[in-house]
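# Structure assessment
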Amino acid sequence: MILYIEIKVTILIEKKLILCIANKCFVKCPGCYHIFPKSSEEITNLKMVNFLDSAIENGLTKVTFAGGDPLTRQDIPELIEFCYNKQMKINIDTVGTPLLKSCSTYDRQKDIEQIIDFTFLSKVNYIGIPLDGSSNETIQLFRRGRKNFLEEQLDILSILEKLEVNVCINTVLHKGNIDDIDNIYDLISMFKNVKKWQIFEFMPIGDLGFIHKERYQIINMDKTRIHNLLNLETDIEIEYKSSLERENSYMFINSIGEAYKIDIDNNVQVFGNVNDESSWEQIFSNM
């Protein structure tokens, strides 16, 4: 007698949002993926809290505060506190300059004081720090606007190591740095608090990324180096993310509250706006 056993497997899909709710940055990247709204206004924390509260009830489990640089908003710790109290996974992707010193945004229109109280960082699962090369020359092929950027990033990593904050290094892989990828690993492996390294294949999206795709996009890439890195015996969790697997996989909220996804051809699909409660259901169903 043959006995058939039916096994039902439930796959839980993590619902997440990329909150690009700051419209300023400390650097200017010719390959930037972000679409900055023309309006200089930024959605208020109150409106974001109301939206996130409802989004959590509809399955949201993770948020990433991303670029424009979230640390250009001095009220970001308040939103992190809210998400932490809701037991959400929280990442924050930042150049990190205010952790080191007072500074201005790239356009010189906003001055940011040095952050003295680091309490909010203890409530973050990962703080993402960009590192696209092992030299300033290689880094500035993609990320411009700060002199001695490499030295700044290493100093910031040292601060975060002393604070025992988990760090995820974010590297955009493009034509100009693919031969430098092993050297980047040598740098980040010096820091005990670097727990994760995400290598993102350049994706030609955003106002600048699409225009400059010929400069950065790698066609028919030899992935031998990537495979070697992924097979390293290391305490760092290394992830490689291709442009195709990331297509339409992220829901972004920009600084004026628009919720959108974007495909590999830079086509944008808007699902609603945080300011318009009648569009929330459509946003939630597409997270």
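Scroll up a little and you will see the structure.
Please read these numbers as outputs of a predicted model, since none were measured by experiment. (Residues numbered from 1 in each chain as written. Predicted model: local features only at pLDDT ≥ 70, side-chain atom pairs only at ≥ 80, totals over all residues. Heavy atoms only, no water.)

## Remarks on the sheet that holds strand β12 (residues 268-273)
Spatially, β9-β8-β7-β6-β3-β2-β1-β10-β11-β12 is the arrangement adopted by the ten strands of the open sheet, whose pairing is mixed. The two strands at the open ends of the sheet, each matched to only one other strand, are β9 (237-241) and β12. Where strand β6 (residues 126-130) and strand β7 (residues 167-173) come together, four bridges link them in parallel fashion. Note that in β7 the partner of Pro-130 across the bridge is Asn-170. The strands touched by helix α4 (residues 149-162) within the sheet are β6 and β7, with β6 carrying the most contacts at an inclination of about 165 degrees. (Pairing = 2+ DSSP bridges. Helix = DSSP H or I, 4+ residues; strand = E, 2+ residues; numbered from the N terminus. Contact = heavy atoms within 4.5 Å. Axes fitted to C-alpha atoms, helices over the stretch in contact; angles between N-to-C directions.)

## Quick word on the nonpolar core
Soluble globular proteins tend to pack their nonpolar side chains together in the buried interior. Judged by nonpolar contacts, the single largest core of 77 residues is most densely connected at Met-48, Phe-51, Leu-52, Phe-65 and Trp-197. With near-sequence residues (within four places) excluded, Met-48 lies in contact with Leu-19, Ile-21, Ile-43, Leu-79, Ile-253 and Val-274. Listed in part, the eleven residues of the second largest apolar core include Ala-66, Phe-200, Tyr-260 and Ile-262. (Core = buried A, V, L, I, M, F, W, Y, C linked by side-chain atoms within 4.5 Å. Buried < 20%, exposed > 50% of the residue type's maximum accessible area, 1.4 Å probe, protein only.)

## Here's the deal with helix α2 (residues 76-85)
When we look at burial in α2, the residues that qualify are Ile-76, Leu-79, Ile-80, Phe-82 and Cys-83. Buried residues along α2 cover an arc of 160 degrees about the axis, so they all sit on one side. For α2, the exposed residues set more than 90 degrees away from the buried face come down to Glu-78 and Asn-85. For α2, the secondary structure elements touched by its buried residues are α1 (45-57), β2 (60-65) and β3 (89-93). (Arc of directions from axis to C-beta.)

## Focus on helix α5 (residues 181-188)
Those residues of α5 that sit buried are Ile-181, Ile-184, Tyr-185, Leu-187 and Ile-188. In a view along the axis of α5, the buried residues occupy a sector of 160 degrees, so they form one face of it. Where α5 is buried, its residues meet α4, β7, β8 (194-201), α8 (224-230) and β9.

## Topic: the pattern of salt bridges
When the charged atoms of two side chains lie near each other, side chains of opposite charge can form a pair. Under the counting rule described, the total for this entry stands at ten salt bridges. Its salt-bridge partner being Glu-14, residue Lys-89 comes within 3.0 Å of it at the nearest N-O pair. Of the two residues, Lys-89 is situated in strand β3 and Glu-14 in the segment before β1 (15-19); the sequence distance between them amounts to 75 residues. Classification of Lys-89 by relative accessible area gives partly exposed; the value is 43%. The residue Lys-123 makes a salt bridge to Glu-81 at a minimum N-O spacing of 2.3 Å. Of the two residues, Lys-123 sits in the loop between β5 (111-112) and β6 while Glu-81 sits in helix α2, which places them 42 residues apart along the sequence. Assessed through its relative accessible area of 32%, Glu-81 is described here as partly exposed. (Salt bridge = Lys/Arg side-chain N within 4 Å of Asp/Glu carboxyl O.)

## Some details on the packing of aromatic side chains
Evaluation of the coordinates by the stated rule reveals ten aromatic pairs. One aromatic cluster is present, built from ring pairs that chain together Tyr-33, Tyr-250, Phe-252 and Tyr-260. (Phe/Tyr/Trp six-rings, centres within 6.5 Å; stacked < 30°, edge-to-face > 60°.)

## Regarding the side chain of Arg-143
With respect to the helices and strands, Arg-143 occurs in the loop between α3 (136-139) and α4. At 2.6 Å, the side chain of Arg-143 and the side chain of Asp-132 are in polar contact. Excluding anything up to four places from it in sequence, Arg-143 contacts Val-27, Lys-28, Cys-29, Pro-130, Asp-132, Phe-149 and Val-172. (Polar contact = N/O pair within 3.5 Å; in protein donor to acceptor, adjacent residues only side chain to side chain.)

## Remarks on the packing of α1 against α2
With their axes 11 Å apart at the nearest point, α1 and α2 run at an angle of 20 degrees to one another. As the angle between them shows, α1 and α2 are arranged roughly parallel. Here α1 runs over α2; the crossing is right-handed. Touching Asn-45, Met-48, Val-49, Leu-52, Asp-53 and Ile-56 of α1 are Glu-78, Leu-79, Phe-82 and Cys-83, all from α2. Residues that form the contact of α1 with α2 fall into these classes: seven nonpolar, one polar and two charged. (Parallel < 35°, antiparallel > 145°, perpendicular 65-115°, else oblique. Left-handed = near helix turned anticlockwise from the far one by under 90°. Nonpolar A, V, L, I, M, F, W, Y, C, P; charged D, E, K, R; others polar.)

## Examining the pairing of β6
Burial analysis of β6 places five of its five residues in the buried class, the great majority of the element. Strand direction decides the pairing type here: β3 and β6, joined by three bridges, are parallel. Pairing of Asp-93 across the sheet is with Gly-128, part of β6.

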